[in-house]
Each structure stands twice: as C-alpha cells, then as structure tokens.
Amino acid sequence: MTIRSVFTALLLATPAAFSVGNALAEPVAFEHARLIDGTGASAQPDATVVIDNGVILSVGIPAPADARHVDLTGKTLMPALISDHSHVGLVKGTGASRDNYTRANILAAMKQYADYGVLTVTALGLNRSPLFDTLRQEQHEGRNPGADLYGVDQGIGAPDGVPPAAMVKGVGPDQVFRPTTPEEARKDVDQMIAEHTDLVKLWVDDFRNDVPDGKTYPMLPPAIYQAVIDEAHQHDTRVAVHIHDLAVAKAIVAAKADILAHGVRDQPVDHDLIAAMLRQGTWYIATLDLDEANYLYAEQPELLSNPFVLAGMDPALRRQFTDPKWRAETLAKPLTKASHYALSVNQKNLAVLYRAGVKVGFGTDSGAAPTRIPGFAEHRELYLTVQAGLSPVQAISLATGNAAALLHLSDRGVIAPGRRADLLVVDGNADENIAAVDQIDQVWQRGALVSHGPVRSKD
C-alpha cells in the first residue's frame, strides 16, 4: 500500500479533517523550498512538502510518483498567517459604522485577508448575531472564498464606556453588552455561550491612551469583569480582555483572564505580571500595528505608492491619506505623539515577555478602524515584531504556530503531516529578511491555490 493510499484511508475515516471539494484531489509536491514550519525551528533549505486531500501528507520525504510537482527554488514555504485579534464588518471607506455590518462587506474582507495570506481571522467582538454566527459556520465549511472565521459576538463593556459609540457610529446593545450588575453580566455571558461564541471578550480600559487632558471613559468595575470571567470559565470558555495599562493587566490576570488582547503600553511590564502570566499560562497579543496605524500613512506617504499597500486600500481612504490637510492634522494630534510612545513601550514589553517564556499570539486589531487595513496590517505587525527584537522566524512562529495554539486549533499553523494545507509561498528567504513575506507568490487554502497575492489578484 502506498503512502498516499494509507493517508487517504485515514482521511475517509475522518471526513471532518478535510473540506468538500478537496477530497481525492491529486497530490501536490512542493520541491526545493526554503521551509519555515511555524514551530520556531530554523528554516530548512531545499525541502519537499507534499499535500493531498486538503492536508499535508509528508515533509522531507520523496513525493509520490503521481504528484504534481511545484518548483519553489528561490522561494520560502510557510504556514498561512493567523490573526488572533481582528474585527470584521465595521469599516467601509473612511468610516466605521454598524451600518457596514453586512454579509457582502464581511465576505469582501475575508477575501482580502486571504489575498494577503491570512487564512484564519478571529473577530474579537462588535459582531452581530445571527449574521456573524452564520458566516462563521460557512467559512468553517469553506462555502465562500476567503479566510476562515472565528470570534466573539457582542463582547462586554462598561455603560457609556469602551468601546465608545464615537469609535463605531451607532454601535448598539446587539454588538456590546453593558451590564450594570454581576447578575446581568452572567446572563450576558450565558447568551454568548448559547450563540456558540469561541471566546468571551471584555473591554477594561478608560481610553485615555496617555493623551494629556484626553477624554476618558468609565471603566468596567472589578465585580463585573470578575463575574464575567467566572461565568465563562463555568462554561469552559476562555476570556480575552482589551487592556492598555500595566495596572489593569495585573488586575485582569489576577482575576484569571485567559488572554490579554492588547499589549501593555503605558510602562514596562514588571516581574509580578510576568510571574503571574507564567503561572497561569496567560496568553499575550501585542497588536503593535494598532498604535502605529494612527500616524503611519501621515508620516510615510511613500506607502501610498506601494502596490502591496494600495491593493488593500479603499480608494476613498487613499484620497483621505493623500490630503495635505489630513496629514497636517494627523501629525499635530496629541494622539500621534502618544501612539509613538505606546508603540515603543509595547515593542519593548513584547520582547521582554517573549524572552521570559510568556505565551505570545499574534493580532493587529485590523478592521476596527479604517487605518488598520485587513491583511496589510498583519504584514506590518510582522515587521514591527522583528523591529522589536525578535528574529524573522520567531515573528513568523507567533503568526502561525503560536496563533493557532492560542485559538486551540491543532489542525493548522504548522507544516507537519496531518495538518491543514493552509500555506503561503513568498519570494526570497523570509528567515533572513521579514520583508520577503510581502513578496507573495502563492496562497494555498485547504490544499487549493486560491490567490497569487493582493497585487496580482487586482490585475
């Protein structure tokens, strides 16, 4: 019996392991690739990877005789990227509004993520049932083009607090629960559980963002967020928390939250937080791009001539970014100076936490605001992660194997036999230069070639 026949028999015994449309497809052998497998291991030169039936069949052994051969000489083969923190259906053009929460808008974003090689997206709150639940299931089943979709329906914030209605015009109770008592909070969690949420999302922040004399919002009280965390854990569901400051991060970890959904950005992390996170196995998502996106296009207008950036940018947004008045106003905002500081602190904290052994995932908050462009934001996050002091392979491992582990997805994120064939092929040696990840050649989803990158997909 051949390797392929043995593996096919296994797959036929477990049909959930592959998607409809890929069953019994011809095997594909990627040869002469520079392989980054998503585990954090060093890149392997001249590697052979065989996929079949939507999953990885073998790594490092000769291909079956009946395989279709794909020569990847001069290219890097790596797992497709995974976002642990994004948003969908909020942004269109230059604004964010609940009116944008439509099937067409969300599916367009899913396709854009896929073109940029991001094949799993976690939408952390501000979603609306039942549309989100329906689309999430459809993306799991591969019924529409674009990235797979996980996430949180409404999420929980403070009354009149974060996320403020000014951020997403018209955000309502069907997108954010705002309980005033622990009892209400537990009922809100129960509703999210009944809607099969993947996680529970909390916002615990005053949105001051280190801006002098900036507007602040009411903070979710400890009694409320503790009730949310306890109730979610009663249902074996993990809790991701939006934070900004060190003091809040320490309080949230002490309350046994599972995921810090943003980096600590007001001051350096300390030994107490690190020790608590290590003890409890708390995950950390830095979202470096979040703060940089507040000023990036004003400070680096040359990006507006980069086809890789423009491919994901709405024309109306590009017109805004090229407006001299917008640039001048953005550069003069107190938030811009504060965002520079926040990014520098965030990058230093990411490096410290990573080296301490804290579990680090990958996300950008893309899709929450017009400046956080789906797909491109994830590539920018990789660049900023390397700038923070991690190696390209380490940064890629956060966005692949680690990101999958944070989501408890054991079927993807790593190039190994039996894993899902969600793959990204880029020109050059991505382990030596993270900019190579922007040179997308091929995107393979569930074992099928679905894109040649955002630039070529626009041609």
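Residues numbered from 1 in each chain as written. Predicted model: local features only at pLDDT ≥ 70, side-chain atom pairs only at ≥ 80, totals over all residues. Heavy atoms only, no water.

As a further point, take the UniProt feature "domain: Amidohydrolase-related" (unreviewed entry) in the chain. UniProt marks residues 76-448 with the feature "domain: Amidohydrolase-related" (unreviewed entry), using the numbering shown here. Across residues 76-448, helical content stands at 39% and strand content at 14%; the span's end C-alpha atoms are separated by 18 Å. (UniProt positions renumbered as here; feature names shortened; annotations may be inferred. Helix = DSSP H or I, 4+ residues; strand = E, 2+ residues; numbered from the N terminus.)

Next up on the list: the packing of aromatic side chains. Applying the stated criterion across every chain, the model contains six aromatic pairs. Aromatic pair phenylalanine 207 and tyrosine 217: ring centres 6.3 Å apart, planes at 85 degrees, arrangement edge-to-face. In this pair, phenylalanine 207 sits in the loop between strand 11 (200-203) and helix 5 (222-234) while tyrosine 217 sits in the loop between strand 11 and helix 5, placing the two residues ten residues apart along the sequence. Where tyrosine 297 meets phenylalanine 321, the ring centres are 4.6 Å apart and the plane angle is 5 degrees; that geometry is what we call stacked. With tyrosine 297 in helix 9 (residues 296-299) and phenylalanine 321 in helix 11 (residues 315-321), this residue pair connects regions lying 24 residues apart in the sequence. On the basis of relative accessible area, tyrosine 297 is assigned to the buried category, the value being 2%. Ring pairing ties together the aromatic residues Tyr116, Phe308 and Phe376, which thus form one cluster. The positively charged end of lysine 215 is found above the aromatic ring belonging to tyrosine 217, 4.8 Å away from the centroid. (Phe/Tyr/Trp six-rings, centres within 6.5 Å; stacked < 30°, edge-to-face > 60°. Buried < 20%, exposed > 50% of the residue type's maximum accessible area, 1.4 Å probe, protein only. Lys NZ or Arg CZ within 6 Å of the ring centre and 35° of its normal.)

Turning next to the side chain of glutamate 31. Here glutamate 31 lies in strand 1 (residues 28-35). No salt bridge is formed by the buried glutamate 31, whose closest oppositely charged neighbour, arginine 68, lies at an N-O distance of 11 Å. Aside from chain neighbours lying at most four places away, what touches glutamate 31 is Ala47, Thr48, Ala63, His69, Val70, Asp71, Leu72 and Thr73. (Lys, Arg positive; Asp, Glu negative; His and termini not counted. Salt bridge = Lys/Arg side-chain N within 4 Å of Asp/Glu carboxyl O. Contact = heavy atoms within 4.5 Å.)

In a regular helix each residue adds 1.5 Å, so 15 residues correspond to 21 Å; helix 15 (residues 392-406) covers 20 Å between its end C-alpha atoms and thus fits that length. Of all the bends in helix 15, the largest measures some 40 degrees and sits at leucine 398. Of all the 15 residues making up helix 15, twelve are buried; the element is thus mostly covered by neighbouring parts of the structure. Among the residues of helix 15, Pro392, Val393, Ala395, Ile396, Ser397, Leu398, Ala399, Thr400, Gly401, Ala403, Ala404 and Leu406 are the ones counted as buried. (Expected span 1.5 Å × (residues − 1). Bend = angle between axes of the 7 residues up to and from the residue.)

With that settled, consider the packing of helix 6 (residues 246-254) against helix 7 (residues 271-280). Geometrically, a packed helix pair is captured by the angle between its two axes and the distance between the axes. Two numbers describe how helix 6 lies on helix 7: the axes approach to 10 Å, and their chain directions differ by 30 degrees. Taken together, the axes of helix 6 and helix 7 are roughly parallel relative to one another. Crossing geometry of helix 6 relative to helix 7 is assigned as left-handed. Residue-level inspection shows Leu246, Ala249, Lys250 and Val253 of helix 6 in contact with helix 7, the latter providing Asp272, Leu273, Ala276, Met277 and Gln280. Looking at the contact of helix 6 with helix 7, its residues break down into six nonpolar, one polar and two charged. (Axes fitted to C-alpha atoms, helices over the stretch in contact; angles between N-to-C directions. Parallel < 35°, antiparallel > 145°, perpendicular 65-115°, else oblique. Left-handed = near helix turned anticlockwise from the far one by under 90°. Nonpolar A, V, L, I, M, F, W, Y, C, P; charged D, E, K, R; others polar.)

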